[in-house]
Amino acid sequence: MILFPAVDLKNGQCVRLEQGDMARATVFNLDPAAQAKSFAAQGFEYLHVVDLDGAFAGKPMNAHAVEAMLKAVKMPVQLGGGIRDLKTIEAWLDKGITRVIIGTAAVRDPELVKGAARKFPGRVAVGLDARDGKVAVEGWAETSHVTALEIAQRFEDAGVAAIIFTDIARDGLLKGLNLDATIALADRISIPVIASGGFASIDDVKALLEPRARKLAGAIVGRALYDGRLDPAAALKLIRSAA
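Residues numbered from 1 in each chain as written. Predicted model: local features only at pLDDT ≥ 70, side-chain atom pairs only at ≥ 80, totals over all residues. Heavy atoms only, no water.

(A) How the structure looks around the packing of aromatic side chains. Scanning the entire structure with this criterion turns up 4 aromatic pairs. Ring geometry for F39 against F44: centres 5.8 Å apart, planes inclined by 85°, an arrangement best described as edge-to-face. Pairwise contacts between aromatic rings join F28, F39, F44 and Y226 into one cluster. Above the plane of the ring of W92 lies K95, whose end atom (NZ or CZ) is 5.1 Å from the centre. (Phe/Tyr/Trp six-rings, centres within 6.5 Å; stacked < 30°, edge-to-face > 60°. Lys NZ or Arg CZ within 6 Å of the ring centre and 35° of its normal.)

(B) Up close: unusual backbone geometry. Look at Q19: it is not a glycine, yet its phi comes out positive at around 55°. We note that D157 has phi near 65°; this positive angle belongs to a residue other than glycine. With respect to the helices, strands and loops of the structure, D157 is situated in the loop between α7 (148-154) and β10 (162-167). Here D157 falls in the exposed class, since its relative accessible area comes to 78%. (Helix = DSSP H or I, 4+ residues; strand = E, 2+ residues; numbered from the N terminus. Buried < 20%, exposed > 50% of the residue type's maximum accessible area, 1.4 Å probe, protein only.)

(C) Representation of the side chain of D204 within the structure. Mapped onto the elements, D204 comes out in helix α9 (residues 202-208). With no salt bridge to any partner, buried D204 finds its closest opposite charge in R170, at an N-O distance of 6.7 Å. Every residue in contact with D204, bar those within four places of it in the chain, is listed here: G176, L177, G198 and F199. (Lys, Arg positive; Asp, Glu negative; His and termini not counted. Salt bridge = Lys/Arg side-chain N within 4 Å of Asp/Glu carboxyl O. Contact = heavy atoms within 4.5 Å.)

(D) Focus on helix α8 (residues 179-188). Looking only at α8, the buried set comprises L179, T182, I183, L185 and A186. Take α8 and look down its axis: the buried residues cluster within an arc of 155°, on one side only. Facing away from the buried surface of α8 by more than 90 degrees, the exposed residues are D180 and R188. Where α8 is buried, its residues touch α7, β10, β11 (193-196) and α9. (Arc of directions from axis to C-beta.)

(E) The pairing of strand β1 (residues 2-10), seen in detail. Of all 9 residues that make up β1, 8 are buried, and the element is covered over most of its length. Note that β1 and strand β12 (residues 218-221) share 4 bridges and pair parallel. Each residue of the ladder has a partner; that of P5, found in β12, is V221. Both β1 and strand β2 (residues 13-18) contribute to a ladder of 3 bridges, which runs antiparallel. (Pairing = 2+ DSSP bridges.)

(F) Seen up close, helix α4 (residues 86-95). Three or more residues of α4 are buried, namely T88, I89, W92 and L93. Buried residues of α4, seen end-on, are gathered within an arc of 130° and therefore sit on one face of the element. The exposed set on the far side of α4, more than 90 degrees from its buried face, consists of K87 and D94. Looking at the buried positions of α4, the neighbouring elements they touch are α3 (63-72), β5 (77-80), β6 (99-102) and α6 (110-119). Remark: G96 follows α4 within two positions and exhibits a positive phi of approximately 115°.

(G) A look at the packing of helix α1 (residues 32-41) against α3. The N-to-C vectors of α1 and α3 enclose an angle of 35°; their axes lie 8 Å apart at closest approach. Crossing hand, α1 versus α3: right-handed. The segment α1 lies against α3, with P32, A33, A36 and K37 engaging A65, A68, M69 and A72. Class assignment of the residues belonging to the contact of α1 with α3 gives a composition of 7 nonpolar, no polar and 1 charged. (Axes fitted to C-alpha atoms, helices over the stretch in contact; angles between N-to-C directions. Left-handed = near helix turned anticlockwise from the far one by under 90°. Nonpolar A, V, L, I, M, F, W, Y, C, P; charged D, E, K, R; others polar.)

(H) Structural view of the layout of surface pockets. Empty space within the largest pocket amounts to approximately 190 Å³. Taken together, M1, L208, L209, E210, A213, R214, L216, I239, A242 and A243 make up the lining of the largest pocket. Of the residues assigned to the lining of the largest pocket, the class counts are 8 nonpolar, no polar and 2 charged. (1 Å grid on protein atoms, 1.4 Å probe; cavity = no way out; pocket = protein on both sides within 12 Å on 5 of 7 lines; lining within 4 Å. Points joined across faces, edges and corners; volume = space filled by probe spheres on them.)

(I) Representation of the side chain of D53. Note that D53 resides in helix α2 (residues 52-57). Polar side-chain contacts of D53 include one of 2.9 Å to the side chain of N62. Those residues in contact with D53 that sit more than four places away from it in its chain are L9, K10, N11, M22, M61 and N62. (Polar contact = N/O pair within 3.5 Å; in protein donor to acceptor, adjacent residues only side chain to side chain.)

Below you can see the structure in the form of structure tokens.
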């Protein structure tokens, strides 16, 4: 079970949003590369990065900050936000991103995901961000008419590395992960599922280590790390002792 610390980028800074609302952003670090180094020093093994401006613009907008993070740390990095075509996927993988996360394009252009997953095995993930069960796109500005399960099932046997399932209603609000919905999704597909949205405390780590959550590949933690509600050393020790 991998615990992914999150770095969300807005205007080149490390921020956290509430429920995906760009107007409700808190700046936590002016230097994303320094933040990445801090997470590496704390013992985390895989970094989760989102280009928030890119998610709205439909193209990379914080490339400079992402490249600085890649230079700053050796750990693998998965990146989402504004990745909507094969050229962008290839460019990021060439620059050293371990895994790209495709969100909006997974809804609008599933063939892009399937083609990329075949071309780059193990390096393409799908981000499914759900509001009331329906998947939101364009930086969560629009809600589609399809469920996360319907989209996830499109990619069975396509070679997708992971599904990152985010409950928008909880994101950034420290209400705890929506494990019921996440596990229900994981039980219906063979693709590994990563939980996201609402991670609040060490209780979430304990819940992830319960037998019912064994199918989950990991979880993403953001605000709880930044404001000190989750002790990284205690969380990582708990995970490693359960392995």
